[in-house]
Every structure is written in structure tokens, then in C-alpha cells.
Amino acid sequence: MKILGISGSLRDGSYNTRLLRAASELLPPDVELELWDGLKTVPPYDEDDDVQPAPAGVAALREAIARADAVLFATPEYNWSVPGVLKNAIDWASRPLASNPLRNKPVAVVGASTGAFGAVWSQAELRKVLSATGARVLEHEVAVGRAPTRFDDQGRLVDDELREQLGDVVAALVGELAAAPAPLAAIA
Ligand code: FNR
């Protein structure tokens, strides 16, 4: 089973990317987390450009989601909402709506911010956006507030309570995978 990890931050030292790395250490042995690093290659959404073949960065995003059994998003909060680059990528991934790769895909959202509240507004908005795509959105939340105090020099999540919450999210995603109907190809 494969979980795709998508961080909504482009910067090298991102706490949200670190959060996904922390999640990858909490997986059962038969589950892997692939960290997607193509966010910066996704162009601004333009319906005129939303044709076949799709722009390369968009095609790569859609394929990465389609190949994964589930997606774990870690989002920063920019001005109380989802960073534009992440919303933009989801807009691309959501088309065509009826057959988009997020449809029926189990997804979960976690988040980190340098403020006290751990990107809770952004996480809630991202869950709403993902629901619009037809994804199966888990209600779980992990709010890593005051992020600089929660990671050590090696970028590891050092807060036990947050690690436990993150483990619960990962376990819930894996549980969704186990409960999901097998793809038709696997049945045939
Ligand atoms: C922020 N930040 C921020 N934090 C927060 O808790 N609520 C907010 O509304 C905002 N707004 C905001 C806007 C913009 C444009 C920036 C650049 C930053 C701070 C933010 O939490 C911080 O930069 C995090 O470190 C971003 O996440 P990464 O890049 O570490 O993953």
C-alpha cells in the first residue's frame, strides 16, 4: 500500500514537510509514504490549458495521486487559509470532476504553523476543498502549533502527544485502505 504525502509548503526547511517525514516513520511495514516534490512545477490553473496532453507538472501530479492508495496532506496556513500553490494543485487534480484521481480516494489533512493554533483554519478549509473533489476525507486533525519548538535539530517531531495524534491519523488512513473495495483489476 502506498500513501502519497503532499506538503503545501515549497520551502526547504518546511515544518509541514517535516511532519510528513514524521508520519512516514509511523507506518506499518507493508505501507510506504512517498513524498511528492513536484508542487512548484504545477502551473497556475487556466481552463484553456486544461486539455490533453496536460502540462507536464499537472500530468505528474494526477499520476502520482492515481498511483497512490491514499493521500496525506500537510498544510501551512497563509492568512488563515490554504496556501495558493496547494489550492492551485488541487484545482488541477480535480478536473475532470467525474473521473478525477482524488474521487473516492481516502485523504487526511494535518498541518503545522509557527503560530499557536497549528493551521487549524487552513486544515478545515483544505478538508472542505477536498470534499468538493469527491475524495473520502477523514475528519482527523493534527495541529502542530509553534512548530519551531516541536522539531529537533534533525527535523524530527519531538512532541509525544503530537506523534501519537499523527500515528492515529496514519492508522485511520491505513484502516480506510483495508476497508476500501478492491480495484476491479484486482478482482478480475
Ligand atoms: C504565514 N504564517 C501564518 N501562520 C498562522 O498560524 N496563521 C496564518 O494565517 C499565517 N499566515 C501566513 C501568511 C504568509 C504569507 C506566510 C509566509 C506565513 C506563518 C506560517 O505558519 C509559517 O511561515 C510556517 O512555517 C509555514 O509552514 P512551513 O513552510 O514551515 O511548512
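Every value quoted in this text rests on a predicted model; they were computed, and no experiment measured them.

**Thoughts on the pairing of strand S1 (residues 2–7)**
Buried residues dominate S1, accounting for six of its six residues. Side chains of S1 alternate between two faces, with Lys-2, Leu-4 and Ile-6 and Ile-3, Gly-5 and Ser-7 buried alike. Regarding the hand of the β-α-β motif, the stretch spanning S1, helix H1 (residues 15–24) and strand S2 (residues 32–36) is right-handed. For S1 and strand S3 (residues 70–75), the ladder comprises five bridges, and the chain directions are parallel. Within S3, the position partnered with Ile-6 by the bridge is Phe-73.

**Topic: the side chain of Arg-127**
One can find Arg-127 in helix H4 (residues 120–133). At 2.9 Å, the side chain of Arg-127 forms a polar contact with the backbone oxygen of His-140. Ignoring any residue separated from it by four or fewer positions in sequence, one finds Arg-127 in contact with Val-109, Val-137, Leu-138, Glu-139, His-140 and Glu-141.

**Quick look at the site of the ligand**
Neighbouring residues of the ligand: 13 residues in total, closest Ser-9, Arg-11, Ser-14, Asn-16 and Trp-80. With respect to the ligand, the side chain of Asn-16 contributes an N or O atom lying 2.8 Å from an oxygen atom. One of the backbone nitrogen or oxygen atoms of Thr-114 is found 3.1 Å away from an oxygen atom of the ligand. Taking 620 Å² as the accessible area of the ligand by itself, protein coverage stands at 71%. The class makeup of the residues in the shell around the ligand is four nonpolar, seven polar and two charged.

**So, the side chain of Ser-9**
Summarising the element assignment, Ser-9 is placed in the loop between S1 and H1. From its side chain, Ser-9 meets the backbone nitrogen of Arg-11 in a polar contact 3.3 Å long. Only 3.4 Å separates the side chain of Ser-9 from the side chain of Ser-14, close enough to count as a polar contact. Residues within four places of Ser-9 in sequence aside, it is in contact with Ser-14, Thr-17 and Pro-76.

Cut-offs and rules
- Residues numbered from 1 in each chain as written.
- Predicted model: local features only at pLDDT ≥ 70, side-chain atom pairs only at ≥ 80, totals over all residues.
- Heavy atoms only, no water.
- Buried < 20%, exposed > 50% of the residue type's maximum accessible area, 1.4 Å probe, protein only.
- Helix = DSSP H or I, 4+ residues; strand = E, 2+ residues; numbered from the N terminus.
- Right-handed = clockwise from strand over helix to strand, strands pointing away.
- Pairing = 2+ DSSP bridges.
- Polar contact = N/O pair within 3.5 Å; in protein donor to acceptor, adjacent residues only side chain to side chain.
- Contact = heavy atoms within 4.5 Å.
- Near = heavy atom within 4 Å.
- Areas by Shrake-Rupley, 256 points an atom, 1.4 Å probe, with all protein chains shown as cover.
- Nonpolar A, V, L, I, M, F, W, Y, C, P; charged D, E, K, R; others polar.

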